[in-house]
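# Reading the structure
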Amino acid sequence: MAQPREQWASRFGFVLAAVGSAVGLGNMWRFSYLTAENGGAAFVLLYLVMTALIGLPIMLAELTVGRGAGRSPIGALAHYGGPRWRALGMLFVASGFLILAYYSVIAGWTVRYALIGLLAGFEGDPAARFEAIASGPKALLWHLLFMGATVGVVMGGVRSGIERAAVVLMPVLFAIVVGLAIYAATLPGAGAGYRYYLELDFAAIMNLDVLIEAAGQAFFSLSLGMGAILTYASYLSRDNHLPREGAIIAGADFGVAFIAGLVVFPLLFALGLQEEVSGSTLGALFITLPKAFAEMGLAGRVVGVFFFVALVVGALTSAISLLEVVVSSLIDRLDWERHHAAFRLGGAIALLGIP
């Protein structure tokens with residue numbers, strides 16, 4: 001007999017969990033990196049427009065389908081579109097499976113950087129440090145530990161696991177990001193960073209490549225097309241007002257990304273490192289920023305620890321939602337017990353991430 005479907009304990013818990021799904025490395029760093037690469041405020045404006053015109057309507061569609069069907073992606077799409085739509089649901093599940101396999105590896109790096117900052121500081125050769133951290137047995141260990149934490153939360157279920165984690169972790173993330181932005185405003189030279197970030201280049205607005213990047217960031221940042229929002233909506237009651245919830249989730253997602261920019265750009269410009277934000281998102285995150293933290297001395301060490309802790313929190317809440325898509329689908333299709341599904345699927349994803 002099919003298991004009764006879980007539900008969120010509160011609207012607040014659902015909103016925080018959904019925001020946690022959307023807020024991750026894409027907001028905390030990828031947004032700032034793409035902004036630097038695509039004309040500053042022009043990219044920010046186009047990203048906001050794409051979020052409102054494309055991202056929010058698609059999110060509302062996922063919320064509606066998920067809550068209406070009361071099932072995870074495969075069953076929900078088949079419920080409304082017929083058996084042929086199961087293939088799209090399977091694509092959602094496969095996407096979550098594959099994305100989490102490499103996402104957890106990068107998340108393991110962020111955990112190690114937070115610990116390095118706390119225990120030893122960021123001094124030394126940042127490129128050599130990144131090379132040592134990004135591979136080898138310790139990289140494997142932290143990948144597995146991060147996946148273990150993700151599996152542990154999902155095993156707890158919707159209320160006792162996912163919602164409880166979101167209610168604790170998301171306020172912590174918000175507080176850290178706002179606190180870092182306030183500190184960044186006090187740095188000498190921060191004004192140059194603000195100008196680069198907020199001054200509008202009308203030529204960039206008309207650039208098709210910038211528009212495409214902004215649209216891609218809107219999809220990536222809001223966790224669209226992966227079934228996470230759809231799956232979370234399947235645990236909603238009929239009392240929730242979906243347009244309001246969708247607007248809050250999209251607004252909070254943009255807000256975290258925007259405030260993260262208010263941290264990154266003043267920091268880089270204050271230390272004259274803006275030209276080093278190029279080449280790759282990972283290189284800029286794990287080499288350029290630690291170099292900046294090292295040059296700031298003790299204050300930089302504290303700021304760096306909090307910054308990477310925020311990254312870890314965002315990565316964990318996003319990883320939880322990705323695993324829940326896969327786990328929920330197997331529970332619906334095969335009637336597996338949640339803890340068995342989470343353990344087996346989490347283990348398979350962890351194995352896939354090893355190469």
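Predicted model only: the values in this text are computed from it and were never measured. (Residues numbered from 1 in each chain as written. Predicted model: local features only at pLDDT ≥ 70, side-chain atom pairs only at ≥ 80, totals over all residues. Heavy atoms only, no water.)

## Considerations on the environment of Asp 253
Here Asp 253 is to be found in helix H13 (residues 242-270). Sequence separation between Asp 253 and Ala 18 is 235 residues; the distance between their C-alpha atoms is 9.6 Å. Setting aside anything within four residues of it in sequence, one finds Asp 253 in contact with Ala 22, Val 23, Asn 27, Tyr 47, Ser 221 and Leu 222. Among the polar contacts made by the side chain of Asp 253, one reaches the side chain of Asn 27 at a distance of 2.7 Å. (Helix = DSSP H or I, 4+ residues; strand = E, 2+ residues; numbered from the N terminus. Contact = heavy atoms within 4.5 Å. Polar contact = N/O pair within 3.5 Å; in protein donor to acceptor, adjacent residues only side chain to side chain.)

## So, the packing of aromatic side chains
Taken as a whole and assessed by the stated rule, the structure comprises 23 aromatic pairs. Judged by centre distance (6.4 Å) and plane angle (5°), the rings of Phe 43 and Tyr 47 are stacked. Within this pair, Phe 43 and its partner Tyr 47 are both found in helix H3 (residues 41-69), separated by four residues, close to a single helical turn. Across this residue pair, the class does not change: Phe 43 and Tyr 47 are buried. An angle of 25° between the planes, with centres 5.9 Å apart, marks the rings of Phe 254 and Phe 258 as stacked. Of the two residues, Phe 254 and Phe 258 are both situated in helix H13; the distance of four residues between them amounts to about one turn of the helix. We classify Phe 258 as partly exposed; its relative accessible area is 24%. Ring-pair connections join several aromatic residues into one group, and the members of that group are Phe 31, Phe 43, Tyr 47, Tyr 196, Tyr 197, Phe 254, Phe 258, Phe 265 and Phe 269. Against the face of Phe 220 rests Arg 30, its NZ or CZ located 4.8 Å from the ring centre. Residue placement shows Arg 344 over the ring face of Trp 336; its charged tip is 5.1 Å from the ring centre. (Phe/Tyr/Trp six-rings, centres within 6.5 Å; stacked < 30°, edge-to-face > 60°. Buried < 20%, exposed > 50% of the residue type's maximum accessible area, 1.4 Å probe, protein only. Lys NZ or Arg CZ within 6 Å of the ring centre and 35° of its normal.)

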